[in-house]
Amino acid sequence: MSIVFWGVTPHPPLLIPEVGGAARGRIEETVRSMEAWAKACRESGAQRLILISPHAPANIGALPIFALPTLRGSMARFGHPEVAMEWSVDLKLVSEIRRACLEEDFPLLVIDPPLAKRYQVEGDIDHGAFVPLYFLERAGLHVPLVLMGYVEGSCQEYARLGRILGRLLEAEGEPPTAIVASGDLSHRLVESGPYGFHPAGPQFDEHLTQALRQASLEKVLALPKEEVQGAGQCGLNSISLLLGSMEGRQVSAHFLSYEGPYGVGYALAYYLPQ
């Protein structure tokens, strides 16, 4: 089996020491869990990484995947341009994913250099990818990357893409691969949060963390539509893809933590093949 690690991670820039400063004190459990999560990914032996971020440059109608030789990013948007990184892209794996999606009639937009120029995408690593990559790099993991973004679509469609990836990556001879789903949970946990309070926020987070503890795609797909809409979340599609890629496999679940003192839910979990 070539998938050796599946990870769910939040992406608040506050987790970066230079950005968060003293504010990190209220999310110490998440910081510790991020460090443990990244260490587990490194120890899995992954030789390449697929990461899906809800904040990567999007395109209406097709899910973007980046076929640029190098991706670069920094915390300049958050006042710290000196916190920067660069990752090489696994162009061979991008090509394999493109072929598999064509065979399955799944709409995928491959952003190569000409398209990047057309869409004015300069290969920037968005904060949804930067935060987990920052912790992975600090843990000693720096492997070729495949970065995917979002497009409007249902959890069922993202789960289907996950199944496509799962079938592709289990082929004989494929290198050990980690799949990472970046996404925060509800943004509506408290009145002082970014979008205020909504009763669906805490309900959504409780139900989704239960699904993560059990690695249950069925529970994710069964979440009430009104609860999902009211929660103001950004990670459900990433998580659906991740769980879809596990389908048919026996995994051990490691749920590390959940907290949301700033009104946004941060959950960390990872899964290893049994």
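Now for a look at the structure at hand. The model shown is predicted, which means the values in this text are computed figures rather than measured ones. (Residues numbered from 1 in each chain as written. Predicted model: local features only at pLDDT ≥ 70, side-chain atom pairs only at ≥ 80, totals over all residues. Heavy atoms only, no water.)

1. Description of the nonpolar core
Then, number 1: If you look at the biggest cluster of nonpolar residues, it comprises 99 residues, and the most contacted ones within it are Leu-49, Ile-97, Leu-133, Met-148, Leu-208 and Tyr-271.
Then, number 2: Among the elements that make up this core, the one with the highest residue count is helix H6 (residues 155–169) (eight residues).
Then, number 3: When near neighbours in sequence (up to four residues on either side) are disregarded, Leu-208 contacts Leu-185, Val-220, Leu-223, Leu-236 and Ile-239. (Core = buried A, V, L, I, M, F, W, Y, C linked by side-chain atoms within 4.5 Å. Buried < 20%, exposed > 50% of the residue type's maximum accessible area, 1.4 Å probe, protein only. Helix = DSSP H or I, 4+ residues; strand = E, 2+ residues; numbered from the N terminus. Contact = heavy atoms within 4.5 Å.)

2. Considerations on the side chain of Thr-30
Then, number 1: Structurally, Thr-30 can be placed in helix H2 (residues 28–43).
Then, number 2: In this structure Thr-30 comes out as buried when scored by relative accessible area, which is 0%.
Then, number 3: Once you skip the residues sitting within four places of it in the chain, Thr-30 turns out to touch Pro-10, Leu-15, Ser-257, Glu-259, Tyr-266 and Leu-268.

3. Let's talk about the environment of Pro-132
Then, number 1: Mapped onto the elements, Pro-132 comes out in helix H5 (residues 127–138).
Then, number 2: Expressed as a C-alpha distance, the spacing of Pro-132 and Pro-10, which sit 122 residues apart in the sequence, is 7.6 Å.
Then, number 3: If we ignore the near neighbours within four places in the chain, the residues touching Pro-132 are Thr-9, Pro-10, His-11, Met-34, Trp-37, Leu-51, His-127 and Ser-182.

4. Here's the deal with the packing of H2 against H5
Then, number 1: Direction vectors running N to C along H2 and H5 enclose 65°, while the axes themselves pass 8 Å from each other. Considering the angle they form, H2 stands roughly perpendicular to H5. The interaxial crossing formed by H2 with H5 has right-handed handedness. Facing H2, whose interface residues are Val-31, Met-34, Glu-35, Trp-37, Ala-38 and Cys-41, H5 presents Val-131, Pro-132, Phe-135 and Leu-136.
Then, number 2: Among the residues making up the contact of H2 with H5, the classes are represented as nine nonpolar, no polar and one charged. (Axes fitted to C-alpha atoms, helices over the stretch in contact; angles between N-to-C directions. Parallel < 35°, antiparallel > 145°, perpendicular 65-115°, else oblique. Left-handed = near helix turned anticlockwise from the far one by under 90°. Nonpolar A, V, L, I, M, F, W, Y, C, P; charged D, E, K, R; others polar.)

5. Description of the packing of aromatic side chains
Then, number 1: Across all of its chains, the model carries four aromatic pairs by this definition.
Then, number 2: For the ring pair Phe-5 and Trp-37, a centre distance of 5.9 Å and an interplane angle of 75° mean the geometry is edge-to-face. With Phe-5 in strand S1 (residues 3–9) and Trp-37 in helix H2, this pair connects stretches of sequence that are 32 residues apart.
Then, number 3: Of the residues examined, Phe-5 reaches a relative accessible area of 0% and is grouped as buried.
Then, number 4: Note on Trp-37: relative accessible area 0%, which makes it buried.
Then, number 5: For the pair Tyr-134 and Phe-135, a centre-to-centre distance of 5.5 Å together with 75° between the ring planes defines the contact as edge-to-face. Judged on exposure class, the residue Tyr-134 and its partner Phe-135 are both buried. (Phe/Tyr/Trp six-rings, centres within 6.5 Å; stacked < 30°, edge-to-face > 60°.)

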